[in-house]
Amino acid sequence: MNLRVIKLTLSFIAALLISSVCGTQYLFSAYSTTLAERLNFSSIQINTIGSAANYGVYLGKPIFGYIADNFGGRRPFFAAFIIFIGYFCLAMTYEGNLRPSFLLCAFYMFLAGMASAAGLMSSLVIVAKNITSFRGISLGAPIALSGLSAAIYSEINSLWFKNDNYHFLLFLAISTGLCIFIGSWFLVVVPPSINQDTTVVTLEEGNSSSCSTKQNDKFEDTPLLQNKINEEIDIGGWDFINNIDAKLLAITMFFFSGAGLMYINNVGTIIESLYSSHSSSTLPPIYKLQNTHVFILSIFSCLGRLSIGFISDMARLLFKIPRSFFFILSGVWIFLAQLLILFYVDDLDKLLIVTIFVGVGFGNLYSITPIIVSEWFGTKRFGSNW
């Protein structure tokens, strides 16, 4: 195994390590109700705090995407410090060592969200630069792990911390910061080998003399679709913003993801409401139910992210089904979940199916959409566009 392969392997493992802690904003429902009770926050205030993490993620991604597009992949050392500060300050506030302001708590979660966006975008951009073949799998793995991080931490919370949210938040701050910091040391862009470049040049020189006589035959034998694919698409900036397909994709994404995030941020509150109206005395503690739903959301989100890329590849290859079909399908899952919670759910057992539907739909959505963006508008400015 040569040095370049070792560097590629270590860089990919580092990307997976960083990505595995960049989805902790979806963990909020596991401790949101306890945080509200401890600090006497209203439902609106606790929702603001939970939403702040998502604002950090989604407002941060265009910034870090632009940086990645224009300056190349950068090691996200600063993200390790920021995510540590965000969760550490939240833990200190929970314990009473800092001022219990919901606006400050929202700011701490916003910082954690921004750091998560920086870590994930850096990982994806560097993986895309390093691995040019099997890109669906190579990009799908870190995307899936970011969705799995909430499941990992919810299980840790259930097994080790029970309802001790102060020490859990401290653990969250230290572990996420360390994982991003350690991963950043090995997350590097590995340049292509000199042998590959030399081979390409030699082939081009060897074929130049016969190119003129074979050119017509080559284009006659190449399908028109293949010729179009070989022409690099590059739509970005104002052209992207004014593009009708980009507008439709963004507006649809807004409603699909918004409905999913609404449930993800509030499932803890929903469980608390159903728990208080449940007459059975055999129910487990409420924090266990909240951790269970966060775990299930994360697991099915991960499965949705991993599966949809492969399924859409096979469907397009074998049945000529476009990827946009699966984009709509992800919205159908989330829409069905909303109908179920509106007309069907009246106890905690029935809520489980809603959690599964939202997990699958949300995972599908956040895996298929970046693939569509890269194919429709090109990879050169993918970071900014996505």
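A short tour of the structure in this document, coming up. What you are looking at is a predicted structure, and each value in this text was computed from that prediction instead of being measured. (Residues numbered from 1 in each chain as written. Predicted model: local features only at pLDDT ≥ 70, side-chain atom pairs only at ≥ 80, totals over all residues. Heavy atoms only, no water.)

Description of the overall build of the protein
The test is simple: Here a strand is any run of E in DSSP of at least two residues, a helix any run of H or I of at least four, and the numbering for each starts at the N terminus. For every residue, the accessible area (1.4 Å probe, protein chains only) is compared with the maximum for its type, and the residue is labelled buried under 20%, exposed over 50%, or partly exposed between those bounds. In this analysis, two residues are considered to be in contact whenever any of their non-hydrogen atoms come within 4.5 Å of each other. Only the protein chains shown count as cover for residues, and the accessible areas themselves come from Shrake-Rupley with a 1.4 Å probe.
Of the regular secondary structure elements, the protein holds 15 helices and zero strands. The burial tally for the protein puts 46% of its 386 residues in the buried class. Of all intrachain contacts in the protein linking residues separated by at least 6 positions in sequence, the fraction that spans at least 24 positions is 82%. Here the protein has roughly 19500 Å² of accessible surface; of this, 67% comes from carbon and sulfur atoms.

Digging into the pattern of salt bridges
Rule in force here: In what follows, salt bridge is the name for a side-chain nitrogen of Lys or Arg lying within 4 Å of a carboxyl oxygen of Asp or Glu.
Counting across every chain of the model gives six salt bridges. Put simply, R38 and E95 hold a salt bridge, and the shortest N to O gap is 3.7 Å. Of this pair, R38 sits in helix α2 (residues 32-39) while E95 sits in helix α4 (residues 77-95), and the two are 57 residues apart along the sequence. Where R381 meets D234, a salt bridge forms, and the shortest distance between an N and an O atom there is 3.1 Å. Taken together, the residues R381 in the loop between α14 (348-377) and α15 (382-385) and D234 in the loop between α9 (224-230) and α10 (237-241) connect sequence positions 147 residues apart. Overall, D234 belongs to the partly exposed group, its relative accessible area being 34%.

With respect to the packing of helix α11 (residues 244-276) against helix α12 (residues 286-319)
Selection rule: Angles run from 0 to 180 degrees between N-to-C directions of axes, and those axes are lines fitted to C-alpha atoms, restricted for helices to the stretch in contact. Take the far helix as your reference; a near helix turned counterclockwise from it by less than a right angle gives a left-handed crossing, and one turned clockwise gives a right-handed crossing. Residues are grouped as follows: Ala, Val, Leu, Ile, Met, Phe, Trp, Tyr, Cys and Pro are nonpolar; Asp, Glu, Lys and Arg are charged; all remaining types, including Gly, are polar.
Running from N to C, α11 and α12 point in directions that differ by 145°, and their axes come no closer than 10 Å. The handedness of the crossing between α11 and α12 comes out as right-handed. For the pair α11 and α12, contact is made by Y263, I264, V267, G268, I271, E272 and Y275 and by I286, L289, Q290, H293 and L297, respectively. Taken together, the residues of the contact of α11 with α12 break down into eight nonpolar, three polar and one charged.

Concerning helix α1 (residues 3-19)
Our working definition: Expected helix span is computed as 1.5 Å times (number of residues minus one). Picture the helix axis, draw a direction to every C-beta atom, and the arc is the one those directions span.
Counted at 1.5 Å a residue, the expected span for α1 with its 17 residues is 24 Å, and the 24 Å between its end C-alpha atoms agrees. All of the buried residues along α1 are L8, S11, A14, A15, I18 and S19. Down the axis of α1, the sector holding all buried residues measures 130°, keeping them to one side.

What to know about the environment of P192
Here P192 lies in the loop between α7 (165-186) and α8 (194-221). C-alpha separation for the pair P192 and N130, spaced 62 residues apart in sequence, amounts to 8.1 Å.

Some points on unusual backbone geometry
The phi torsion at N40 lies on the positive side, around 60°, for a residue other than glycine. By the secondary structure assignment, N40 is in the loop between α2 and α3 (43-71). Positive phi, normally seen in glycine, also occurs at K320, with a value near 60°. The topology assignment puts K320 in the loop between α12 and α13 (323-343).

Focus: the nonpolar core
Selection criterion: Among the buried residues, those of types Ala, Val, Leu, Ile, Met, Phe, Trp, Tyr and Cys that are joined through side-chain atoms within 4.5 Å form a nonpolar core.
Core analysis: the biggest nonpolar cluster contains 88 residues, and L27, Y31, I49, Y87, M109, I180 and F327 have the highest contact counts within it. Ignoring any residue separated from it by four or fewer positions in sequence, one finds F327 in contact with L249, T252, M253, F256, L365, I368, T369 and I372.

Observations regarding the side chain of R323
Basically, it comes down to this: Polar contacts here mean pairs of N or O atoms no more than 3.5 Å apart (in protein, one a potential hydrogen donor and the other a potential acceptor; neighbouring residues in sequence count only if both atoms are side-chain atoms).
Position of R323 relative to the elements: it lies in helix α13. Only 2.9 Å separates the side chain of R323 from the side chain of E375, close enough to count as a polar contact. With sequence-adjacent residues up to four places away left out, R323 is seen in contact with G309, S312, D313, R316, I368, I371, I372 and E375.

Remarks on the packing of α4 against helix α5 (residues 102-130)
The geometry of a pair of packed helices is captured by two quantities: the angle between their axes and the separation between those axes. Spelled out, the test is: Here the angle decides the label: under 35 degrees means roughly parallel, over 145 means roughly antiparallel, 65 to 115 means roughly perpendicular, and every other value means oblique.
Packing of α4 against α5 leaves a shortest axis separation of 8 Å and a crossing angle of 155°. With respect to each other, α4 and α5 are oriented roughly antiparallel. The element α4 and its partner α5 pack so that their crossing is left-handed. Facing α4, whose interface residues are F78, A79, I82, I83, I85, G86, Y87, C89, L90 and T93, α5 presents C105, Y108, M109, L111, A112, A115, S116, A118 and G119. When grouped by side-chain class, the residues that make up the contact of α4 with α5 number 15 nonpolar, four polar and no charged.

A closer look at the side chain of S116
Structurally, the position occupied by S116 is in helix α5. Assessed through its relative accessible area of 2%, S116 is described here as buried. Within the structure, S116 has its side chain in polar contact with the backbone oxygen of A112 (distance 2.9 Å). With near-sequence residues (within four places) excluded, S116 lies in contact with V21, C22, T24, Q25 and I83.

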